[in-house]
Amino acid sequence: MKESEMESKEKIASFIANHNIIRPIEYPLLGLPLFSGISSIVWLMFLVFSPNKYFEERVISYIGMFILICCFILGIISRKKCTKLYNTEPGKSLYCAEILKHSYCVVIALLFMSYFLLLDNELKEAIVICICGLSIITITVCITIIAIKRKIEKGLYLKKQNGKYKVTQFFSSGASVVVFILLKNIIVNNHDINVSFVISVLLFIPAERASIFVVLYYLKLKYAKDYALEEYLPTRPHPSKYTGWK
């Protein structure tokens, strides 16, 4: 094998091995059916207690409940398969669990975003805004793929840094919930602002962020398979208070 090819595979291997998983695989696998069930109850409440109960709201509520029930079933099936796979291929299992978790976040955020857009906007306006949001996510995904390839070429993952995940940790913590509630109170007190539209924008942010992580972990699995670098997949999450080791 040529030296340039070896160097290229080393750069790709460093990307595959680099991750920010700090929780056991049971966390995301239990979270999928749990939050699917809770979200289904929320959608049922939207359907029963909606102040307007327009046709469009009812339709999106039924669609939301159907999708979440499917997510609940998928979560149970995925938990069984990923747990079994973890015994033989822990790295692949961990990355698959991350892809499922972040894909679920995208679906949930976009569903709630669609509902809130329909509260204070016409159907055509809501569709246009949703299309714009999906277009932005698509562009973000394309840019992410290009950015990852350039980082690999420059060998940035060879530094063996786990990356600066402060933003990720913020969105995964209770602090983000507090900030969201504060923003909501500010928005509600200001009657000149379209509350539903602003809430939809706030929901779009985690959807876009989660889509980046879906692409990230998908590329890790893809490159590991395409370049026969499965041995660089992780054997366990990083040491943390969630894993119980240092």
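Keep in mind it's a predicted model, so treat the numbers as computed, not measured.

Here is what the cut-offs are and how they apply
- Residues numbered from 1 in each chain as written.
- Predicted model: local features only at pLDDT ≥ 70, side-chain atom pairs only at ≥ 80, totals over all residues.
- Heavy atoms only, no water.
- Helix = DSSP H or I, 4+ residues; strand = E, 2+ residues; numbered from the N terminus.
- Buried < 20%, exposed > 50% of the residue type's maximum accessible area, 1.4 Å probe, protein only.
- Contact = heavy atoms within 4.5 Å.
- Areas by Shrake-Rupley, 256 points an atom, 1.4 Å probe, with all protein chains shown as cover.
- pLDDT = per-residue confidence, 0-100.
- Core = buried A, V, L, I, M, F, W, Y, C linked by side-chain atoms within 4.5 Å.
- Patch = residues over 30% accessible without salt bridge, like charges linked within 9 Å, V, L, I, M, F, W, Y side chains within 5 Å.
- Salt bridge = Lys/Arg side-chain N within 4 Å of Asp/Glu carboxyl O.

A. Inspection of the overall build of the chain at higher detail. Tallying secondary structure elements over the chain gives eight helices and zero strands in all. Looking at the chain as a whole, 39% of its 246 residues are labelled buried. Taking the contacts inside the chain whose residues are at least 6 apart along the sequence as the reference set, 81% of them involve residues at least 24 apart. Split by element, the accessible area of the chain, about 15,100 Å² in all, is 67% carbon and sulfur.

B. Up close: the confidence of the model for the chain. In this model, the chain carries an average pLDDT of 80, and 80% of its residues clear a pLDDT of 70 or more. Across the chain, element-level confidence peaks in helix α4 (residues 90–120) with a mean pLDDT of 88 and bottoms out in helix α6 (residues 166–171) with 46. Note on residues 162–175: pLDDT under 50 across the span, and 16 contacts to partners over four residues away in sequence or across chains.

C. Here's a closer look at the nonpolar core. Membership of the largest hydrophobic core comes to 26 residues, with the highest contact counts inside it found for Phe15, Ile16, Tyr95, Ile148, Ile152, Tyr217 and Tyr223. Those elements that provide at least two residues to this core are α1 (3–17), α4, α5 (123–154) and α8 (195–226). Examining the composition of this core, we find that nine residues originate from one element, α8, more than from any other. If we skip the residues at most four places from it in the chain, isoleucine 16 touches Tyr95, Lys220, Tyr223, Ala224, Leu229, Tyr232 and Leu233.

D. Examining a nonpolar patch on the surface more closely. The grouping of Ile41, Leu44, Met45, Val48 and Phe49 at the surface amounts to a nonpolar patch, some 510 Å² of accessible area in total. Within the fold, methionine 45 resides in helix α2 (residues 26–49). By relative accessible area, methionine 45 is classed as partly exposed at 45%.

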